[in-house]
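Chain by chain, the residues:
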Amino acid sequence: MSENGNGIGDIYQKETKYDRETLGGGLDWASRAETYKIYEGAPRFTLPEPEVSEGSSLWRALNNRRSVRNFRRSPFAPSQLSQLLWAVNGVTLDVGEWQFRATPSAGALYPVETYVAINRGEEIVPGVYHHAVRAHALELLKEGDFGPQLASACLGQSMCASASAVFIFTAIPARSKWKYGERAYRYIYLDAGHAGAGLHLAAEALGLGCCMIGAFFDDELNSILGIDGVEETAVYAAAVGAR
Ligand SMILES: Cc1cc2nc3c(=O)[nH]c(=O)nc-3n(C[C@H](O)[C@H](O)[C@H](O)COP(=O)(O)O)c2cc1C
């Protein structure tokens with residue numbers, strides 16, 4: 001907090017408080033933002049069905065989880081990518097107009113998108129991919145090993161180049177602002193935190209290493225993904241690989 005409590009963060013917390021006098025009003029359903037981002041025409045890598053009926057215990061994963069920053073340079077198998085992405089975005093309940101996912105989201109508005117920069121993969125070429133949630137597929141946006149560029153964009157954190165992949169969570173604020181106005185930013189960061197927790201625990205359960213990343217040059221990371229930083233902006237990342 002700034003000395004007199006009027007820093008931008010303090011003002012934001014104050015301005016977005018819910019109180020009984022001002023809370024109210026209905027929702028304009030016609031202006032609701034699209035929930036699913038799709039890159040039309042992008043080459044698609046369909047992920048195998050995730051294995052969700054058995055596996056490591058949640059309690060062991062919680063107990064053993066530690067941030068891992070040193071990775072063996074080994075490639076990701078499609079099954080590992082599938083499990084990791086399912087732990088973040090897996091559609092676990094479909095009730096027609098609404099789908100619910102493995103991680104919670106304020107108002108079920110799912111403002112967070114997931115990208116994966118694959119540095120090394122089996123059967124999948126290195127490149128920057130977007131996770132198409134409903135299809136459980138990866139859409140190829142740019143081919144190549146972006147590890148060194150990602151390391152540089154993440155304040156020189158070399159683990160971004162040695163990891164098998166870097167996961168990047170972005171937010172499309174309009175999805176949440178439709179309902180929550182400026183208060184939406186509180187929920188967007190919480191949603192991204194849930195996404196990160198799902199990924200981190202899934203990595204642990206698969207015997208992989210993971211380190212969350214909040215330190216990055218925003219414009220540089222957004223530019224690697226080809227997003228504008230306004231309509232959609234990077235909020236959180238993680239390096240994942242073999243330990
Ligand atoms: C929001 C957030 C941002 C983080 N950013 C980084 C980062 O940029 N680089 C890094 O090496 N670790 C990062 N970490 C990992 C923390 O340093 C780590 O979780 C902490 O030291 C506790 O250690 P543990 O995860 O092994 O329990 C981040 C963690 C969180 C939750």
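Given the structure is predicted, the values throughout are model-derived calculations rather than measurements.

Engineer: Is there a simple way to think about the overall build of the chain in this case?
Structural biologist: A tally of regular secondary structure across the chain gives eight helices and nine strands. Taking 2.2 N^0.38 as the reference for a compact globule, 243 residues should give roughly 18 Å; the C-alpha atoms of the chain span a radius of gyration of 18 Å, in line with that estimate. Dimensions of the chain, computed from the C-alpha atoms along their principal axes, are close to 55 × 50 × 40 Å. Looking at the chain as a whole, 48% of its 243 residues are labelled buried. For the chain, the proportion of contacts with a sequence separation of at least 24, taken over those separated by at least 6, is 76%. As displayed, the chain has an accessible area near 12,400 Å², and 52% of this comes from carbon and sulfur atoms. The average position of the 22 basic charges and that of the 28 acidic charges among the side chains of the chain differ by 6 Å.

Engineer: Quick question: what am I supposed to make of the site of the ligand here?
Structural biologist: Taken together, Arg65, Arg66, Ser67, Arg69, Gln157, Met159, Cys211, Met212, Ile213, Gly214, Ala215 and Tyr236 form the complete shell of residues around the ligand. Residue Ser67 places a side-chain N or O atom 2.6 Å away from an oxygen atom belonging to the ligand. Between the ligand and Gly214, the relevant distance is 2.9 Å, taken from a nitrogen atom to a main-chain nitrogen or oxygen of the residue. Contact with the protein chains removes 56% of the 620 Å² of surface that the ligand exposes when unbound. Of the residues belonging to the shell around the ligand, the class tally is six nonpolar, three polar and three charged.

Engineer: What am I meant to see in the packing of helix H6 (residues 173-180) against helix H7 (residues 184-205) here?
Structural biologist: H7 packs onto H6 with a crossing angle of 135 degrees between their chain directions and a minimal axis gap of 9 Å. Judged by the inter-axis angle, H6 sits oblique to H7. For the crossing formed where H6 meets H7, the hand is right-handed. Side by side, H6 and H7 meet where Pro173, Ser176, Lys177 and Tyr180 of the first sit next to Ala184, Tyr185, Tyr187 and Ile188 of the second. Classifying every residue of the contact of H6 with H7 by side-chain character gives six nonpolar, one polar and one charged.

Engineer: What exactly am I supposed to notice about the pairing of strand S6 (residues 137-143) here?
Structural biologist: Every regular strand shows the same layout, with side chains that alternate between the two sheet faces. Strand direction decides the pairing type here: strand S1 (residues 44-46) and S6, joined by three bridges, are antiparallel. Following the sheet pairing, Phe45 is matched in S6 by Leu138. Examined bridge by bridge, strand S5 (residues 127-132) and S6 share six bridges and lie antiparallel to one another. Bridge assignment links Gly127 to a residue of S6, and that residue is Glu143. The antiparallel hairpin formed by S5 and S6 contains four residues in its connecting segment, where His136 sits at a positive phi of about 45 degrees.

Engineer: Would you mind showing me how to read the pattern of salt bridges here?
Structural biologist: If the charged atoms of two oppositely charged side chains come close together, the side chains can form a pair. Scanning the model with the defined rule gives six salt bridges in all. As a salt-bridge pair, Glu113 and Arg175 come within 2.8 Å of each other at their nearest N and O atoms. Remark: Arg175 occurs in helix H6 and Glu113 occurs in strand S4 (residues 112-118); sequence separation between them is 62 residues. As far as the burial class goes, Glu113 and Arg175 line up, both buried.

Engineer: Help me understand the nonpolar core in this model?
Structural biologist: Here is a general trend for soluble globular proteins: nonpolar side chains tend to be buried in one another's company. Leu81, Leu84, Leu138, Phe167 and Val240 are the most contacted members of the largest nonpolar core, which totals 36 residues. Those elements that provide at least two residues to this core are helix H3 (78-89), S4, S6, strand S7 (165-171), H6, H7, strand S8 (208-213) and strand S9 (233-242). Apart from the residues lying within four places of it in its own chain, the contact partners of Leu81 are Leu47, Phe76, Val116, Ile118, Ile124, Leu138 and Phe167.

Engineer: Whenever I open this one, the packing of aromatic side chains confuses me. Can you help?
Structural biologist: On inspection of all chains with the given rule, the structure shows five aromatic pairs. Taken together, the ring pairs connect Trp29, Trp98 and Trp178 into an aromatic cluster. Lying over the aromatic face of Trp98, Arg32 brings its terminal NZ or CZ to 4.3 Å of the ring centre. Here the guanidinium or amino end of Arg32 rests over the ring plane of Trp178, the centre of that ring lying 5.9 Å away.

Engineer: How should I be thinking about the packing of H3 against H7 in this particular structure?
Structural biologist: Helix-helix packing is described using two parameters, namely the angle between the two axes and the distance between the axes. Following both chains from N to C, one finds H3 and H7 inclined at 150 degrees, their axes separated by 8 Å at the closest point. Taken together, the axis directions place H3 and H7 in an arrangement best described as roughly antiparallel. The handedness of the crossing between H3 and H7 is right-handed. Across from Leu84, Ala87 and Val88 in H3, the residues of H7 making contact are Ala195, Gly198, Leu199, Ala202 and Ala203. For the contact of H3 with H7, the residue count by class is seven nonpolar, one polar and no charged.

About the criteria used
- Residues numbered from 1 in each chain as written.
- Predicted model: local features only at pLDDT ≥ 70, side-chain atom pairs only at ≥ 80, totals over all residues.
- Heavy atoms only, no water.
- Helix = DSSP H or I, 4+ residues; strand = E, 2+ residues; numbered from the N terminus.
- Rg over C-alpha atoms; globule rule 2.2 N^0.38 Å.
- Buried < 20%, exposed > 50% of the residue type's maximum accessible area, 1.4 Å probe, protein only.
- Contact = heavy atoms within 4.5 Å.
- Areas by Shrake-Rupley, 256 points an atom, 1.4 Å probe, with all protein chains shown as cover.
- Lys, Arg positive; Asp, Glu negative; His and termini not counted.
- Charge placed at Lys NZ, Arg CZ, Asp CG, Glu CD.
- Near = heavy atom within 4 Å.
- Polar contact = N/O pair within 3.5 Å; in protein donor to acceptor, adjacent residues only side chain to side chain.
- Nonpolar A, V, L, I, M, F, W, Y, C, P; charged D, E, K, R; others polar.
- Axes fitted to C-alpha atoms, helices over the stretch in contact; angles between N-to-C directions.
- Parallel < 35°, antiparallel > 145°, perpendicular 65-115°, else oblique.
- Left-handed = near helix turned anticlockwise from the far one by under 90°.
- Pairing = 2+ DSSP bridges.
- Salt bridge = Lys/Arg side-chain N within 4 Å of Asp/Glu carboxyl O.
- Core = buried A, V, L, I, M, F, W, Y, C linked by side-chain atoms within 4.5 Å.
- Phe/Tyr/Trp six-rings, centres within 6.5 Å; stacked < 30°, edge-to-face > 60°.
- Lys NZ or Arg CZ within 6 Å of the ring centre and 35° of its normal.

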